[in-house]
Amino acid sequence: AQKVTQAQTEISVVEKEDVTLDCVYETRDTTYYLFWYKQPPSGELVFLIRRNSFDEQNEISGRYSWNFQKSTSSFNFTITASQVVDSAVYFCALNDLGGATNKLIFGTGTLLAVQP
Amino acid sequence: GAVVSQHPSWVICKSGTSVKIECRSLDFQATTMFWYRQFPKQSLMLMATSNEGSKATYEQGVEKDKFLINHASLTLSTLTVTSAHPEDSSFYICSARDAGAGYDQETQYFGPGTRLLVL
């Protein structure tokens, strides 16, 4: 069965600290996509990144970076020099292309609070 | 690009009334849209998958007669909560996939959500 685990329920950091949000997934298929979404207090989910299972290159976008490790089934997200505006709930999600329904499986989310 | 809108953003209604929520893809065509429900401090729960021109596929435990979904065009899907009750109060979010995005067509873009309060 497909599953996404975000073990960190809440993280609190002080501005300018680096923070890593963990994501571990389970799937039996070899073809899949992984995603990260940000949900600020306003409620809208903002797409951050998509990674397919064949591409293990890490990615950096400004202060954001992602570490995809197939060997450990992890897709961790690091924010460097965190800012108050980074405060949000972050969701990791899996889209199993081999599944019958081709839908997103969400983790339970990590609430990140960045204190000034 | 890839903007999804929802209307209304807030709705308060009396128990027993029906509420319609619209989800639109503004700058792309979406053959598939999704409807989610989210309770406070919880993750998103998929309610149904809406396919343009065909019946929606509902997740187990979601009453299709309670939550009517219509995907009338490539840019519009509607969710109607019929005979709403206080337990239907929740945050409803839609998402859409860009059918013409090629490599990116698996990405779901989300609307801003609709907060429903049933009194």
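Just so it is clear, the model here is predicted, and its values are computed rather than measured.

S.K.: Please set out the state of the cysteines residue by residue, giving values where relevant.
M.R.: This structure, assessed with the given rule, holds 2 disulfides over all chains. The disulfide partner of C23 of chain A is C92 of chain A, and the gap between their sulfur atoms is 1.9 Å. The disulfide joining C23 of chain A to C92 of chain A has a torsion of about -65 degrees about its S-S bond and is therefore left-handed. Within this pair, whereas C23 of chain A is found in the loop between β3 (19-21) and β4 (24-26), its partner C92 of chain A is found in strand β10 (residues 88-96), the two being separated by 69 residues in sequence. C23 of chain A gets classed as buried once you look at its relative accessible area, which sits at 0%. In this structure C13 of chain B is not part of a disulfide, and its nearest cysteine sulfur, from C94 of chain B, lies 18 Å away. The buried category is assigned to C13 of chain B, whose relative accessible area is 9%.

S.K.: Give me the sheet that holds strand β7 (residues 67-73) of chain B: which residues, what numbers.
M.R.: Residues and elements named next belong to chain B. Pairing within the open sheet is antiparallel, and its 4 strands lie in the order β1-β3-β8-β7. Edge strands, defined here as strands with exactly one partner in the open sheet, are β1 (4-7) and β7. For this sheet, the mean angle separating the axes of adjacent strands, direction not counted, is 15 degrees. Here β7 runs beside strand β8 (residues 76-81); their pairing, made up of 5 bridges, is antiparallel. Bridge assignment links F67 to a residue of β8, and that residue is V81.

S.K.: Could you give an account of the packing of aromatic side chains, naming the residues involved and the relevant values?
M.R.: All names here are of chain A. As enumerated under the stated definition, the model contains 21 aromatic pairs over all chains in all. Taking 6.1 Å as the distance between ring centres and 25 degrees as the angle between the ring planes, the aromatic pair formed by F35 and Y37 counts as stacked. By relative accessible area, which is 0% here, F35 ends up buried. Plain terms: the ring middles of F77 and Y90 are 5.6 Å apart, the flat faces sit at 65 degrees to each other, and that makes the pair edge-to-face. Residue F77 is located in strand β9 (residues 74-79), and its partner Y90 is located in strand β10; the two are separated by 13 residues in the primary sequence. The pair formed by F77 and Y90 is uniform in burial state, with each residue classed as buried.

S.K.: Quick one: what's the story with the pattern of salt bridges, residue by residue and with numbers?
M.R.: A full pass over the atoms with the stated rule returns 6 salt bridges over all chains. A salt bridge links E59 of chain A to R51 of chain A; its shortest N-O distance comes to 2.6 Å. A relative accessible area of 6% places R51 of chain A in the buried class. The salt bridge partner of E59 of chain B is K103 of chain A, with a shortest N-O separation of 2.4 Å. Of this pair, E59 of chain B sits in the loop between β6 (57-58) and β7 while K103 of chain A sits in the loop between β10 and β11 (104-106), which puts the two residues in different chains. Here the residues in one salt-bridge network are R51, D55 and E59 of chain A, joined through shared partners.

Reading the values: rules and limits
Numbering of residues begins from 1 in every chain and follows the order in which that chain's sequence is written. Just so you know, chain letters begin at A and ligand numbers begin at 1, following the order they were written in. Predicted model: local features are reported for residues with pLDDT of at least 70 only, side-chain atom pairs are reported and counted for 80 or more only, and whole-chain, interface and lining totals are derived from all residues. Side-chain measures were taken over the full set of non-hydrogen atoms in the model, leaving aside hydrogen atoms and water. Cysteine sulfur atoms are paired as a disulfide whenever they come within 2.5 Å of each other. Every helix listed is a DSSP run of H or I at least four residues long, and every strand listed is a run of E at least two residues long, numbered separately from the N terminus. Only protein chains enter the area calculation, which uses a 1.4 Å probe; residues under 20% of their type maximum are buried, those over 50% are exposed, and those in between are partly exposed. A strand pair is defined by DSSP finding two or more bridges across the two strands. To get an axis, fit a line to the C-alpha atoms, keeping to the stretch in contact for a helix; angles then go from 0 to 180 degrees between the N-to-C directions. When the centres of two rings from Phe, Tyr and Trp lie within 6.5 Å, Trp using its six-membered ring, the rings pair. Their planes under 30 degrees apart give stacked, over 60 give edge-to-face, and anything left gives tilted. Each salt bridge in this description consists of a side-chain nitrogen of Lys or Arg and a carboxyl oxygen of Asp or Glu lying within 4 Å of one another.

Everything listed here is a matter of geometry and, on its own, says nothing about what the molecule does.
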